[in-house]
Amino acid sequence: MRLEVKNIRKSFGDKEVLHGISFAVESGSALGLLGRNGAGKTTTIRILMDVFKGDEGQVLLDGVRFNPKKLGIGYLPEERGLYPKKKVGEQIIYLAQLRGMGPKEAKESMKKWLARLEVSEYENRQLETLSKGNQQKVQLAQTLVCNPQIIILDEPFSGLDPVNSQVLKDVILEEIQNGKLVIFSSHQMSYVEEFCKDIIIINKGNTVLSGDLRNIKREYGKNRLVLSVSDMGHSELRRIADEKFGHLITVYGNNKEQLILEMKPGATKQAIMVALIESGLDVETFGSYQPSLNDIFVERAGD
């Protein structure tokens, strides 16, 4: 399957909040749908799920207008959507039947997913009695109970400790490997890097970056070096960079000790290293810049 979102626009009143969003994702892969709070991610997801209509654009599945009612979507919202005073197992079965499963099949699937997510012991407990992390695992169980071919996960690791995070990570990777089509929205960039082949970054309703994550990281690292010198040498490093080799464009890390040098055309690593040694600077770090997704996100989605 190939799901395509093409040139989606959406306004509320006289304010347009999506300005032509487009992306595509195929079965057996995951797309990272990224953006700051209020960027337009949730609006995009709701249009995709047909909660409300876009003003322009279309959503296609294998080239045909997508009808989510005919092909169920497994959706894990950021805000918990289950009933706090209802028993875990009963409500998962109830929701599975609303999505078309028979009672026996729904019960078997419920038990399977509670076991897989290591929360079987809570089947007959009210949801509100569970910890925040176990509630999140139950919510993922209801997302997957109907074996959806399209899975949308909005901050799935919220409230989870490292052990429970690993359980969810394993399940999500299994679903991708089993050919599911996954859209993954999170502010935890390390998870996005693990799961997602492609990303789209939305800022204020506009697409500011999209494509294959490996290619994006390769382009961001091209002609850039990461440098650090002792505190006394920062001003001299900036002078040398500006005069000879390029521009120090940003701070690397929170301690303001490592800087990113964007190299001028013709500048080489060897020449830069020689100049730094000849200047007498105490060089602590010198190497190719390998950007994280977090670095890229801050640069493209920051004000």
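Presented here is an overview of the structure given in this document. Numbering of residues starts from 1 in every chain and runs along the sequence as written. Side-chain atom pairs in this predicted model are given and counted only at pLDDT of 80 or more, local residue features only at pLDDT of at least 70, and totals for whole chains, interfaces and linings cover all residues. To get the side-chain values, take all heavy atoms of the structure and skip hydrogens and water.

## Topic: the side chain of Gln 136
Point 1. Tracing the backbone shows Gln 136 in helix H4 (residues 132-144).
Point 2. Pairing of N or O atoms within 3.5 Å defines a polar contact, subject to two protein rules: one partner must be a possible hydrogen donor and the other a possible acceptor, and residues neighboring in sequence count only if both atoms are side-chain atoms. Within the structure, Gln 136 has its side chain in polar contact with the backbone oxygen of Glu 155 (distance 3.3 Å).
Point 3. Separated by 2.9 Å, the side chain of Gln 136 and the backbone oxygen of Pro 156 make a polar contact.
Point 4. Whether two residues touch is decided by their heavy atoms; if any such pair falls within 4.5 Å, the residues are in contact. Setting aside residues no more than four positions away along its own chain, Gln 136 makes contact with Leu 76, Arg 80, Glu 155, Pro 156, Phe 157, Ser 158 and Leu 160. Segments assigned H or I by DSSP are reported as helices when at least four residues long, segments assigned E as strands when at least two residues long, and all are numbered from the N terminus.

## Regarding unusual backbone geometry
Point 1. A positive phi angle is found at Asn 7, which is not glycine, with a value near 55°.
Point 2. In this fold, Asn 7 is placed in strand S1 (residues 2-12).
Point 3. On the basis of relative accessibility, which here comes to 37%, the residue Asn 7 falls in the partly exposed class.
Point 4. With a phi angle near 60°, Glu 118 is a residue other than glycine that sits in the positive phi range. Throughout this description, buried means an accessible area under 20% of the type-specific maximum (1.4 Å probe, protein chains only), exposed means over 50%, and partly exposed covers the range between.

## Digging into the layout of surface pockets
Point 1. Space inside the largest pocket adds up to approximately 660 Å³.
Point 2. Definitions used for this entry: grid spacing 1 Å over protein atoms alone; cavity, a set of points where a 1.4 Å probe fits but cannot get out; pocket, an open set with protein on both sides within 12 Å along at least 5 of 7 lines; lining residue, one with an atom within 4 Å of a point. Every residue lining the largest pocket is counted, 25 residues in all, and those nearest its centre are Met 49, Ile 73, Gly 74, Tyr 75 and Arg 99.
Point 3. Residue type decides the class: Asp, Glu, Lys and Arg count as charged, Ala, Val, Leu, Ile, Met, Phe, Trp, Tyr, Cys and Pro as nonpolar, and the leftover types, Gly among them, as polar. The residue makeup of the lining of the largest pocket, split by class, is 13 nonpolar, 8 polar and 4 charged. Grid points are joined across faces, edges and corners, and a volume is the space filled by probe spheres set on the points.

## Focus on the pairing of strand S3 (residues 29-35)
Point 1. With 7 of its 7 residues buried, S3 lies for the most part within the structure.
Point 2. Both faces of S3 are covered, namely the face carrying Ser 29, Leu 31, Leu 33 and Gly 35 and the face carrying Ala 30, Gly 32 and Leu 34.

## Notes on the sheet that holds strand S7 (residues 150-154)
Point 1. Strand pairing is defined by DSSP finding a minimum of two bridges between the two strands. Strand order in the open sheet formed by 6 strands is S6-S7-S8-S3-S9-S10, with mixed pairing between adjacent strands. Among the strands making up the open sheet, the edge pair consists of strand S6 (73-76) and strand S10 (206-212). Adjacent strand axes in the sheet meet at a mean angle of 15°, parallel and antiparallel pairs treated alike.
Point 2. Both S3 and strand S8 (residues 181-185) contribute to a ladder of 4 bridges, which runs parallel. Looking at the pairing, Ala 30 lines up with Val 182 of S8.
Point 3. Contacting strand S9 (198-203) and S10, helix H7 (residues 213-221) runs over the sheet at an angle of about 105° to S10.
Point 4. The strands touched by helix H10 (residues 293-301) within the sheet are S3, S9 and S10, with S9 carrying the most contacts at an inclination of about 30°. Each axis is a line fitted through C-alpha atoms, and for a helix only the stretch in contact is used; angles between axes span 0 to 180 degrees, taken between their N-to-C directions.

## Structural notes on the nonpolar core
Point 1. Among buried residues, the Ala, Val, Leu, Ile, Met, Phe, Trp, Tyr and Cys ones that are joined through side-chain atoms within 4.5 Å form a nonpolar core. Judged by nonpolar contacts, the single largest core of 50 residues is most densely connected at Phe 184 and Phe 195.
Point 2. Here Phe 184 is in contact with Leu 31, Gly 32, Leu 33, Leu 153, Pro 156, Phe 157, Ile 172, Tyr 191, Val 192, Phe 195 and Cys 196, once residues within four sequence places are set aside.
Point 3. With 23 residues, the next largest nonpolar core counts Val 5, Val 25, Leu 31 and Ile 200 among its residues.

## Re the environment of Leu 209
Point 1. By the secondary structure assignment, Leu 209 is in strand S10.
Point 2. The class for Leu 209 is buried, based on a relative accessible area of 13%.
Point 3. When the C-alpha atoms of Leu 209 and Ala 301 are compared, they prove to be 9.1 Å apart, with 92 residues separating the residues in sequence.
Point 4. Every residue in contact with Leu 209, bar those within four places of it in the chain, is listed here: Ile 199, Ile 200, Ile 201, Ile 216, Tyr 220, Ile 296 and Arg 300.

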